[in-house]
Every structure is written in structure tokens, then in C-alpha cells.
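Analysis of the macromolecular model
Each chain, letter by letter, is given below.
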Amino acid sequence: MTGQTLYDAVLLAIFCSAAVVLVALLLLTAPYGRHGRQGWGPGLPVRTAWMIFESPAVLAFAWFYWQGPQRLDPVPLLLLALWLLHYLQRAVLYPLSIRPRRSSKVPLAVVLMSVVFNLANAYTNARWLSDLGHYPSGWLADWRLWSGIALFAAGYATNRWADSVLRKLRSESTGYKIPRGLLYERISCPNYLGEIMQWCGWAVATWSLAGLAFALFTVANLAPRALAHHRWYRERFPDYPAQRRALVPFIL
Ligand code: NDP
């Protein structure tokens, strides 16, 4: 199998898995966090699980990126910096900062599926940036790069802020509370909205099928989970604000 054939096959697999994941997660909520339940086999402690399944997005990405002939070109380097900004935080700082409930575990099956996805996604995105994509220096003046980066930055700020609100809530008690303030007055899951904005921004900035596949996969993964979180809040808190939606203000 040539490098290009392997790339096409992995990319197609990510597009197909986005469709499968969307349907599966609308029928069955992923069993971790508040939706954790018996019957999913052995699990790992939450912090360890996050570090393991996010690590390919740093290590494998860096390795694949480094194989490409365009690895020292300015635009791929700029996009590499964006990717690492997010994933160093997600794979190292985020797991260290959360306060998981003591009984909480992430099933090995979930960890394994996440590792496989992160490996495939790192491969397609890194290979595109440093090898298959075409980013001449003129791309530095292209509207797609900068509008994509702007959306990525807005999503990143939203995601980090929303996760920090949840972190503070958890430091006040070991259970769950209703998050309040700013975007939380409109939706239940601004952290997921921020994440989706980030990867849509990435798709625009890289103008690539690899980026588009990742953005679609993120929507497929997080939109059903936002709906499940929203239902869970409404069932658990009788005083849950009625005007709040799940993921998109006024719409969803
Ligand atoms: P959640 O919002 O379910 O939980 C985030 C953390 O906050 C957990 O430690 C959780 O505890 C705690 N928490 C959540 N709600 C409350 C509350 N109301 N009161 C107190 N504590 C609370 O997010 P996820 O764990 O699903 O995801 C974490 C991050 O990873 C997010 O930024 C998300 O965007 C990102 N992510 C990205 C994915 C992608 O496809 N790119 C996929 C999955 C996640 P507990 O675990 O005990 O519920």
C-alpha cells in the first residue's frame, strides 16, 4: 500500500466512523463521567485514562509531522503550534487539573477506541500539514488561514473558560451543581460548543479534508453527549433553567 493509499483509507475511515458514532451515541450515551455505569468491563482511573488516550494526539502527531518535507515551512509550523497548544493542554494539564469523583472510572473499551481515533486523526492531520498539503508562503495572507485561526481561538477560549467553571464547581463539592453565568445561562455545554468551534476553525485554517473529517467527528461525538447532559440536568434538577438549550443558544 502506498503512502497516499494509506492516507486515503484512513481519511475515509474517519468520515465513515463519524456517521457511525453519531448514530451510536444518539442511541447509547458513552459510559464515562456522569453517564458511567456497570457492565462495560474494567476501567482506568480518570486522570490516567485522559493522559493515555490523548497522548497519541501529541506524540504520534509530532512524529508523523516530523517525517514530512514541509516540516520547517512557516504555515505548517504555525498550524503545528495551534495543534500543540490545544493538545499539550488536553493531554497533560487538563487531566492534572480535574477533580474526578473517587469512584469514577473510564472503561478500557472507551480508552482503546479513543486511542485508535486519536492515532488515525493525528496521522491524517500531521501528514497533510507537513507532506500532502500545499501551503506556500502566500497562504500567510489568505483569509481562510486567519478566519480559521480566529474561530479556533474563540473556541479555545470558550472551551477553557467553560471547563474552568466546572472545575470550580467540583472544588466546592464532590457532586454536581448547576453551572451559572455567561454562556451557561443559554446552554448546558459551552465546553463542547467551544471544542466544536475549535475544530471547525481548524478545518477552515487548514482547508483540508483531514480537518473537515475531524470537525465532523467532533460534532458526531459531542452533540449527542450535550443532549444527554442536558436531559440529565433537567431530570436531576427540578429548578434547572427552562430557557437553557443543550449546545447551541436558542436552537439545540
Ligand atoms: P464534562 O463537561 O462532562 O466534564 C468535565 C469535568 O467537569 C469532569 O471532571 C466532570 O466530572 C466535571 N463536571 C461536569 N459538570 C459538572 C457539574 N455540573 N458540577 C460539577 N462538576 C462537573 O466534559 P467531558 O469529560 O466529556 O470532556 C472534558 C473536555 O474534553 C471538554 O473540554 C470536551 O470539550 C473535551 N472533549 C473533546 C472531545 C472531542 O471529540 N474532541 C471528546 C470528549 C471530550 P465527572 O467526570 O465526574 O462528570
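Predicted model only: the values in this text are computed from it and were never measured.

Rules of the game
Residues numbered from 1 in each chain as written. Predicted model: local features only at pLDDT ≥ 70, side-chain atom pairs only at ≥ 80, totals over all residues. Heavy atoms only, no water. Near = heavy atom within 4 Å. Polar contact = N/O pair within 3.5 Å; in protein donor to acceptor, adjacent residues only side chain to side chain. Areas by Shrake-Rupley, 256 points an atom, 1.4 Å probe, with all protein chains shown as cover. Helix = DSSP H or I, 4+ residues; strand = E, 2+ residues; numbered from the N terminus. Nonpolar A, V, L, I, M, F, W, Y, C, P; charged D, E, K, R; others polar. Core = buried A, V, L, I, M, F, W, Y, C linked by side-chain atoms within 4.5 Å. Buried < 20%, exposed > 50% of the residue type's maximum accessible area, 1.4 Å probe, protein only. Contact = heavy atoms within 4.5 Å. Salt bridge = Lys/Arg side-chain N within 4 Å of Asp/Glu carboxyl O. Expected span 1.5 Å × (residues − 1). Axes fitted to C-alpha atoms, helices over the stretch in contact; angles between N-to-C directions. Parallel < 35°, antiparallel > 145°, perpendicular 65-115°, else oblique. Left-handed = near helix turned anticlockwise from the far one by under 90°.

Turning our eyes to something else, we now look at the site of the ligand. Close to the ligand lie 25 residues; Arg34, Asp163, Tyr176, Lys177 and Tyr192 are nearest. In the model, an oxygen atom of the ligand is placed 3.0 Å from a nitrogen or oxygen of the Asn191 side chain. Glu195 is positioned with one of its side-chain polar atoms (N or O) 2.9 Å from an oxygen atom of the ligand. For the ligand, the protein covers 93% of the area, taking 880 Å² as the surface of the free molecule. Of all the secondary structure elements, the ones that give two or more residues to the shell around the ligand are helix H3 (74–97), helix H5 (143–172), helix H6 (190–206) and helix H7 (209–236). Here the shell around the ligand is built from residues that sort into 10 nonpolar, 7 polar and 8 charged.

This next bit is on the nonpolar core. In this structure, Phe61, Leu79, Trp199 and Trp202 are the most contacted members of the largest nonpolar core, which totals 40 residues. Of all elements in the fold, only helix H1 (3–27), helix H2 (46–67), H3, helix H4 (108–132), H5, H6 and H7 reach the threshold of two or more residues within this core. Not counting chain neighbours up to four residues away, the residues in contact with Trp199 comprise Trp83, His86, Tyr87, Phe152, Gly211, Phe214, Ala215 and Thr218.

Bringing the pattern of salt bridges into the picture now. According to the stated counting rule, one finds 5 salt bridges in the structure shown. The residue Glu195 makes a salt bridge to Arg90 at a minimum N-O spacing of 3.0 Å. Placement of the pair is Glu195 in helix H6 and Arg90 in helix H3, with a sequence separation of 105 residues. Assessed through its relative accessible area of 10%, Glu195 is described here as buried.

Spanning 17 residues, H6 covers 24 Å between terminal C-alpha atoms, matching the ideal 24 Å at 1.5 Å per step. Among the 17 residues of H6, 14 are classified as buried, and the element is accordingly described as predominantly covered. Downstream of H6 by one or two residues, Trp207 has phi in the positive range, about 45°.

Let us now look at the packing of H5 against H6. Across the interface, H5 lies against H6 with an axial gap of 7 Å and an inter-helix angle of 160°. When the axes of H5 and H6 are compared, the pair comes out roughly antiparallel. In the crossing of H5 with H6, the sense of the turn from one axis to the other is left-handed. Across the contact of H5 with H6, the residue classes tally to 16 nonpolar, 9 polar and 3 charged.

Moving on, we get to the environment of Pro69. Here Pro69 is to be found in the loop between H2 and H3. Here Pro69 falls in the exposed class, since its relative accessible area comes to 64%. The spatial distance from the C-alpha of Pro69 to the C-alpha of Thr124 is 15 Å, given a sequence separation of 55 residues. Once residues lying within four places of it in the same chain are set aside, the contact partners of Pro69 are Ser130 and Asp131.

Everything listed is a geometric property; what it means functionally is a separate question.
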